[in-house]
Amino acid sequence: MSRSPLKVVRGLLSEIGFSSLLFASLLLPSEALAQSPDRNEYGNPPPQVFESEDRDRWQKPEWVVEQLAIVPGTTVADLGAGSGYFTRQFSRAVGPSGKVLALDVDPTMLAHIAEDLNALELANVDTVLVPFDSPGLPDRSVDLLFLSNTLHHIENRTAYYPRMIDVLHEGGRVAVVDFYKKPLPLGPRSLSHKLARSDVIREFTWAGLHITADLEDLPHQYFLIASPIPQFLNARLVSQNLATGGHRSLADLPQPELSNNFEPQAS
Ligand SMILES: C[S@@+](CC[C@H](N)C(=O)[O-])C[C@H]1O[C@@H](n2cnc3c(N)ncnc32)[C@H](O)[C@@H]1O
């Protein structure tokens, strides 16, 4: 793991939950929130916070999954699965012959999902405890890597992206739903904790991920779908190998500067 739980707590200090925790955190200074018994050592609130009654209204989970046009029988990894809010949707979408991998660094979230799985009898979901610095899956093992409100938690993303790409099957995709970097009535409170849509597009492009869909229908979040460009990756590696006499992976390439631009658009 690349981050200690204490560091995660700091990183998530300003991450607010939904409904009641929203109001609680608005009233509390960050330091008080850090000590809040509502947050565990991973900086997460209780899983139920991700399941608030009003969430479906703005999160539109069924619409999100519909846009992904998931083929039954495929494998979907829900990275940073939290309470399993999207995991359940994916379980239906891939069907009995498919597989959903609920990945998280926080064992309490995975325990919550496992309980739900028993109750809902979802036999096609596995929970996987992953390290902070990698999706923790074998190479070429998933068709879709999905991150809802999670990409902004990942540090050192330039090293992380090649690992994301490695776990994709040929033709695989990455999808990101995350909060716009602007003041919003919900989601992370601190702007510095958010990741602008434009930065995700720039970072993905750098990593060799081509944006295939840029959906603007969610009120508070961007929704991007991307696929690796094999020629791009090969060309980059070959040119680096020629120039340096032997880089082996994208992780060895010079790192771009990752800024935290504010959202340019007013939406
Ligand atoms: C804000 S919650 C989002 C949960 C869920 N995706 C949703 O939309 O309800 C972020 C989740 O990502 C997990 N997380 C944070 N850093 C991670 C990392 N590097 N790899 C995997 N999961 C991570 C946290 O433990 C937490 O469960």
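Preceding this section is the structure that the text describes.
Quick caveat: nothing in here was measured; it's all calculated off a predicted structure. (Residues numbered from 1 in each chain as written. Predicted model: local features only at pLDDT ≥ 70, side-chain atom pairs only at ≥ 80, totals over all residues.)

**What about the sheet that holds strand 1 (residues 75-79)?**
Read from one edge of the open sheet, seven strands run 3-2-1-4-5-7-6, paired in mixed fashion. In this open sheet, the two strands that pair with only one neighbour each are strand 3 (125-129) and strand 6 (209-215). For this sheet, the mean inter-axis angle between neighbouring strands, taken without regard to orientation, is 20°. The pairing of strand 4 (residues 142-148) with strand 5 (residues 168-179) spans six bridges and is parallel. Residue pairing for strand 5: phenylalanine 146 is matched across the bridge by alanine 175. (Pairing = 2+ DSSP bridges. Helix = DSSP H or I, 4+ residues; strand = E, 2+ residues; numbered from the N terminus. Axes fitted to C-alpha atoms, helices over the stretch in contact; angles between N-to-C directions.)

**Considerations on the nonpolar core**
Counting residues in each nonpolar core, the largest one holds 54 residues, and the members touching the most others are Val76, Ala77, Val142, Leu145 and Phe146. The element best represented in this core is strand 5, accounting for six residues. (Core = buried A, V, L, I, M, F, W, Y, C linked by C-beta atoms within 7 Å. Buried ≥ 20, exposed ≤ 12 C-beta atoms within 10 Å, placed from the backbone.)

**Here we look at the environment of methionine 164**
Its place among the elements puts methionine 164 in helix 8 (residues 157-166). For methionine 164 and serine 134, which are 30 residues apart along the polypeptide, the C-alpha to C-alpha distance reads 7.3 Å. With sequence-adjacent residues up to four places away left out, methionine 164 is seen in contact with Pro135, Leu145 and Val174. (Contact = placed C-beta atoms within 7 Å.)

**Overview of the pairing of strand 1**
Most of strand 1 is tucked away, with five of its five residues classed as buried. Covered by surrounding structure in strand 1 are Thr75, Ala77 and Leu79 together with Val76 and Asp78, the residues of both alternating faces. Note: strand 1 against strand 2 (residues 99-104), five bridges, orientation parallel. Bridge pairing in strand 2 links threonine 75 to lysine 99. Note that the unit made of strand 1, helix 6 (residues 85-94) and strand 2 has a crossover that is right-handed. Here three bridges tie strand 1 to strand 4, and the two strands are oriented parallel to one another. Its bridge partner lying in strand 4, aspartate 78 is registered against phenylalanine 146. (Right-handed = clockwise from strand over helix to strand, strands pointing away.)

**A short note on helix 8**
Working note: α-helix, 3.6 residues per turn, so residues spaced by three or four point in the same direction. Among the residues of helix 8, those classed as buried are Tyr160, Tyr161, Met164 and Ile165. All buried residues of helix 8 project into a common sector of 140° when viewed along the axis, lining one side. Against strand 4, strand 5, helix 9 (197-207) and strand 7 (221-228) lie the buried residues of helix 8. (Arc of directions from axis to C-beta.)

**Regarding the environment of arginine 197**
With respect to the helices and strands, the residue arginine 197 is situated in helix 9. Sequence separation between arginine 197 and aspartate 214 is 17 residues, and the spatial gap between their C-alpha atoms is 9.5 Å.

So far we have only geometry, and geometry alone does not tell us how the molecule works.
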